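Close look at the chain arrangement
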Amino acid sequence: MNQYDLNLILNPNLSAEQVQIERDYIETTLKNAGAEIANLDDVGNRRLAYAVGKDREGYYLMYTIRAGGNPEKDIAASLRLRDNVRRILVVKDRPEWKTKKA
């Protein structure tokens, strides 16, 4: 299993209950795809570099997951169908990116 970063931007106008519903759906989707959640950073509302739709802000969720296969195809494809999900980014975590080069 490889480690990946799964970054999501949700609609910034969601209530706390709606955010929890989206988080539950995301976690269920990850478990159904055979992925494990290693870490979750719930950043909250942040200003975007450019408008997505008509929103200048977004609600950020950053997951660190362990998954086999192709999570971009399996996981991201099903999460893109949600109305409140604005953007999804799946990046393979590489150890050489974390080491300092002299």
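Report follows, based on the coordinates. No experiment lies behind these values; they were computed from the predicted model shown. (Residues numbered from 1 in each chain as written. Predicted model: local features only at pLDDT ≥ 70, side-chain atom pairs only at ≥ 80, totals over all residues. Heavy atoms only, no water.)

1. Thoughts on the packing of helix H1 (residues 16-32) against helix H2 (residues 71-79)
The axes of two packed helices give the description: the angle between them and the distance between them. This is how it is decided: An axis is simply a line fitted to the C-alpha atoms; with a helix, the fit covers only the stretch in contact. Between two such axes, the angle follows the N-to-C directions and lies from 0 to 180 degrees. Secondary structure elements follow DSSP: runs of H or I of four or more residues count as helices, runs of E of two or more count as strands, with numbering from the N terminus. Under this scheme an angle from 65 to 115 degrees is roughly perpendicular, one under 35 degrees roughly parallel, and one over 145 degrees roughly antiparallel; angles in between are oblique. Two helices that cross are described as forming a left-handed crossing if the nearer one is turned anticlockwise from the farther one by less than a right angle, and a right-handed crossing if clockwise. Pairs of residues are marked as contacts when any of their non-hydrogen atoms sit within 4.5 Å. Note on residue categories: nonpolar means Ala, Val, Leu, Ile, Met, Phe, Trp, Tyr, Cys or Pro, charged means Asp, Glu, Lys or Arg, and polar means any other residue, Gly included.
Between H1 and H2, the shortest axis-to-axis distance is 10 Å and the interhelical angle comes to 155°. Taken together, H1 and H2 sit at an angle that is classed as roughly antiparallel. The interaxial crossing formed by H1 with H2 has right-handed handedness. Within the contact between the two elements, H1 uses Tyr25, Ile26, Thr29 and Leu30 and H2 uses Ile75, Ser78 and Leu79. Partitioned by chemical class, the residues of the contact of H1 with H2 number five nonpolar, two polar and no charged.

2. Looking at the pattern of salt bridges
Two side chains with opposite charge may pair up if their charged atoms get near one another. Here is the rule we go by: Each reported salt bridge corresponds to a side-chain nitrogen of Lys or Arg within 4 Å of a carboxyl oxygen of Asp or Glu.
Enumeration over the complete set of coordinates arrives at four salt bridges. Across the pair Arg23 and Asp42 runs a salt bridge, and its minimum N-O distance is 3.2 Å. In this pair, Arg23 sits in helix H1 while Asp42 sits in strand E2 (residues 36-52), placing the two residues 19 residues apart along the sequence. Taking the shortest distance from any N to any O, the salt bridge between Asp55 and Arg86 comes out at 3.4 Å.

3. Quick look at H2
Structurally, the α-helix is built with 3.6 residues per turn, so residues lying three or four positions apart point the same way. Rule in force here: For every residue, the accessible area (1.4 Å probe, protein chains only) is compared with the maximum for its type, and the residue is labelled buried under 20%, exposed over 50%, or partly exposed between those bounds. Here, the arc refers to the directions that run from the helix axis to the C-beta atoms.
Within the span of H2, buried status applies to Pro71, Ile75, Ala76 and Leu79. Angularly, the buried residues of H2 cover 90° about the axis, an arc narrow enough to put them on a single face. Those residues of H2 hidden inside the fold are in contact with strand E1 (2-10), H1, strand E3 (55-67) and strand E4 (85-92).

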